[in-house]
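Observations on chain architecture
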Amino acid sequence: MSKPFFITTAIDYTNGAPHIGHAYEKVLADVIARYHRLKGGEVFFLTGVDQHGQKVQQSAEKQGVAPQQFVDDITKKFIALWQKLDISYDRWAATTDPLHKTCVQEILQRLFDEGQLYKAKQGGYYSVRQEQFLTDKERNAEGEFGPEWGEVEFREEENYYFKLAEHKDWLLAFIDSHENYITPAFRRSELRNAVDRLAGDLCISRPKSRLTWGIGFPFDPGFVTYVWFDALVNYISFAGYDPKSKTQDPKFTALWPALHVIGKDIMIPAHGVYWPIMLKALGFTDEQIPPLLVHGWWNIAGEKMSKSTGNIVDPDALADKYGNEALRYYLMSDIATGKDADFSEERLVQRYNTDLANSLGNLLNRTLNMAQRYRSGKLAPKTEVAGAPDFASTLAAYRAQFEGTVSNSAPAYSIHLALGEAMSSASLCNQLIESVAPWKLAKDPAQADLLDAVLYTLAESLRIIAILISPVLPKAAQNIFAQLNWDKPFSLADATWGGLPDGHTVGSPTPLFPRIEEPKA
Ligand code: MSP
């Protein structure tokens, strides 16, 4: 039996409502998951929410509600949004889940017993207002901690540390010898440089005096777990990992490792430094270190989205306004995986109207209309077209070009390119219609075979295009199949010529992508 494809996303912080960045990542992972299913593979897709930590505790206090209540309310918004966007995840990872808490505690206990954790006292600058220790990153251009931190004092605190530095050489060697560890490749040197600079261990506890909203230390009641240490464990806790067992459960090893889909901001240090070292310390082999797919960010007019700027884009409202597939299409077609892009509602509308309404939707509508009008919907595939040798070669050339775009449409994670190829195929079909003008052929009984050949070619092209776009636009694909009257279970292997049988009858057209009125400038 082949291994299921295990894919995860980052788990989203529940200290605010989901925004467009969260939605992008979930759609990206969903499309990759659906593509694997389309190829006939088994998939395990894990996503969820990161519910502990200082920020949540502070936000809950501000609202005067218990932190569990606070995260439950926000978690509901994430779940509802993923449902609205058709995110086909198999398991939900919420870090307040008792199963996860137990796993984190057992990992802490094991690392402690095996000498990977130690307790130490360290001093640092502490912001009383923000209730956090400050590092040099928080200093302003003058080298000082700005007024936003309020009163800053030097404090000493006892905490538990994880021996990160001990594994530095191993991690460097691992990065050097695993070319495919990180996609896109240019991020690998960025990570290597960061690991090279690594000095010191990782503080993984917070004293309960300043943070209670976290997973308690099993061997010291005075502490809770640092939120990143807790959150990273979700990838294995929800996949059935048992920290107590010396040999890993076959159900877990059958799944592991996952492909982690994450944003560029959380590669260093969390996913590229802490996480591989945590796994190494737990006895995972090099082959079990999970690869990272690091995506870029959606910005607004070149600026970072942020609550303080007030430029947060709400995916829920966009899905309501334009439809979930319009949003999915935009998020997948207007960014190159790994790079940043600018979010623009006008672009969303433009891309939808140009690619989906004018090109693909129109093609379906014209094809079915003509098939109904000239043939009552009944297709007759013709390979030989009597009396029109030129035309036969034109169709053959069309086929070759079409199949070229089809076979180009499966690059690993470059979904925008795959969609571009599918849309080029639709344009090709529209050009075919313009060049042969079936309405002229319909007037001449001597051209009947030719007309059959053209109609079949168009319907068959639509069927193949629908298969190719189905990971991004599952509902539209189903709608195209329904209108073509082609209702068999399908896989990527069906995206080859000849799937519609001789004599097949297609349905009547109903609008697939109604045009969106452009917002007035
Ligand atoms: N809770 C952590 C992840 C823990 S994973 C063990 C976290 N949460 S987050 O809510 O801040 O971000 C979740 C994901 O959304 C991250 O991968 C992050 O990169 C991504 N994005 C956040 N803003 C984004 C954009 N503006 N654009 C694209 N993705 C963005 O980090």
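**Focus on the overall build of the chain**
Per the secondary structure count, the chain includes 18 helices and 15 strands. Projecting the C-alpha coordinates of the chain onto the three principal axes gives extents of approximately 95 × 55 × 40 Å. Going through the 521 residues of the chain one by one, you find that 53% of them count as buried. Long-range pairs, those at least 24 residues apart, make up 78% of the contacts in the chain between residues at least 6 apart in sequence. For the chain, the computed accessible surface area is about 22,800 Å², with 51% contributed by carbon and sulfur atoms. If you average the places of the 53 positive and of the 64 negative side-chain charges in the chain, the two averages end up 2 Å apart.

**Things to note about the pattern of salt bridges**
Inspection of every chain in the model, using the stated rule, returns 29 salt bridges. The closest approach of N and O atoms between Asp-220 and Lys-119, which form a salt bridge, is 3.1 Å. Taken together, the residues span a long stretch of sequence, with Asp-220 in the loop between strand S10 (205-207) and strand S11 (223-225) and Lys-119 in strand S5 (residues 117-127) at a distance of 101 residues. Under the relative-accessibility criterion, Lys-119 is labelled partly exposed at 38%. Shared partners join several salt bridges into a network, and the residues in it are Asp-334, Arg-347, Arg-351 and Asp-355.

**What about the site of the ligand?**
Around the ligand, 24 residues are found, and the nearest of them are Ile-11, His-22, Glu-25, Asp-50 and Asp-265. Taking Ile-11, its main chain carries an N or O atom lying 2.8 Å from a nitrogen atom of the ligand. Note that an oxygen atom of the ligand is positioned 2.8 Å from one of the side-chain N or O atoms of His-22. At the level of elements, strand S2 (12-13), helix H1 (20-38), helix H7 (227-232), helix H8 (234-237) and strand S12 (259-263) are the ones that each hand at least two residues to the shell around the ligand. Here the shell around the ligand is composed, by residue class, of twelve nonpolar, eight polar and four charged.

**A look at the packing of H1 against helix H12 (residues 324-333)**
At a minimum axis separation of 10 Å, H1 and H12 run at an interaxial angle of 85 degrees. In terms of orientation, H1 lies roughly perpendicular with respect to H12. Only Leu-327, Arg-328, Leu-331 and Met-332 of H12 make contact with H1, whose side of the interface consists of Ile-20, Ala-23, Tyr-24, Val-27, Leu-28, Asp-30, Val-31 and Arg-34. The class makeup of the residues in the contact of H1 with H12 is nine nonpolar, no polar and three charged.

**A short note on the packing of H12 against helix H18 (residues 474-484)**
Relative orientation of the contacting elements H12 and H18 amounts to 115 degrees, with a least axis distance of 8 Å. Between H12 and H18, the residues in contact are Asn-324, Glu-325 and Arg-328 and Pro-474, Lys-475 and Ala-476, respectively. Residue composition of the contact of H12 with H18, grouped by class: two nonpolar, one polar and three charged.

**A look at the nonpolar core**
Counting 103 residues, the largest nonpolar core has Ile-7, Leu-331 and Met-332 as its most contacted members. Ranked by the residues each element gives to this core, the list is headed by helix H17 (residues 448-469), at 14 residues. Dropping the residues within four chain positions of it, Ile-7 is found in contact with Ala-29, Ile-32, Ala-33, Val-43, Phe-44, Phe-45, Leu-46, Leu-259 and Val-261.

**What about the sheet that holds strand S9 (residues 202-203)?**
Read from one edge of the open sheet, four strands run S6-S5-S7-S9, paired in antiparallel fashion. The outermost strands of the open sheet, each flanked by one partner alone, are strand S6 (132-134) and S9. Sheet topology places S5 next to S6; three bridges connect them, and they run antiparallel. Looking at S6, one finds that Tyr-125 is bridged to Leu-134.

**Comments concerning H17**
With 22 residues, H17 extends 32 Å from end C-alpha to end C-alpha; this agrees with the ideal 32 Å at 1.5 Å per step. Among the 22 residues that make up H17, 20 are buried, leaving the element largely enclosed by the rest of the structure.

**Observations concerning the side chain of Ser-127**
Along the polypeptide, Ser-127 turns up in strand S5. On the basis of relative accessibility, which here comes to 0%, the residue Ser-127 falls in the buried class. Only 2.8 Å separates the side chain of Ser-127 from the backbone oxygen of Trp-149, close enough to count as a polar contact. Not counting residues up to four positions away in its chain, the partners in contact with Ser-127 are Gln-132, Leu-134, Trp-149 and Glu-151.

**Topic: the environment of Asn-299**
Mapped onto the secondary structure, Asn-299 falls in strand S14 (residues 298-299). In contact with Asn-299, not counting residues within four places along its chain, are Lys-304, Asp-340, Ala-341, Asp-342 and Phe-343.

Conventions we followed
Residues numbered from 1 in each chain as written. Predicted model: local features only at pLDDT ≥ 70, side-chain atom pairs only at ≥ 80, totals over all residues. Heavy atoms only, no water. Helix = DSSP H or I, 4+ residues; strand = E, 2+ residues; numbered from the N terminus. Buried < 20%, exposed > 50% of the residue type's maximum accessible area, 1.4 Å probe, protein only. Contact = heavy atoms within 4.5 Å. Areas by Shrake-Rupley, 256 points an atom, 1.4 Å probe, with all protein chains shown as cover. Lys, Arg positive; Asp, Glu negative; His and termini not counted. Charge placed at Lys NZ, Arg CZ, Asp CG, Glu CD. Salt bridge = Lys/Arg side-chain N within 4 Å of Asp/Glu carboxyl O. Near = heavy atom within 4 Å. Polar contact = N/O pair within 3.5 Å; in protein donor to acceptor, adjacent residues only side chain to side chain. Nonpolar A, V, L, I, M, F, W, Y, C, P; charged D, E, K, R; others polar. Axes fitted to C-alpha atoms, helices over the stretch in contact; angles between N-to-C directions. Parallel < 35°, antiparallel > 145°, perpendicular 65-115°, else oblique. Core = buried A, V, L, I, M, F, W, Y, C linked by side-chain atoms within 4.5 Å. Pairing = 2+ DSSP bridges. Expected span 1.5 Å × (residues − 1).

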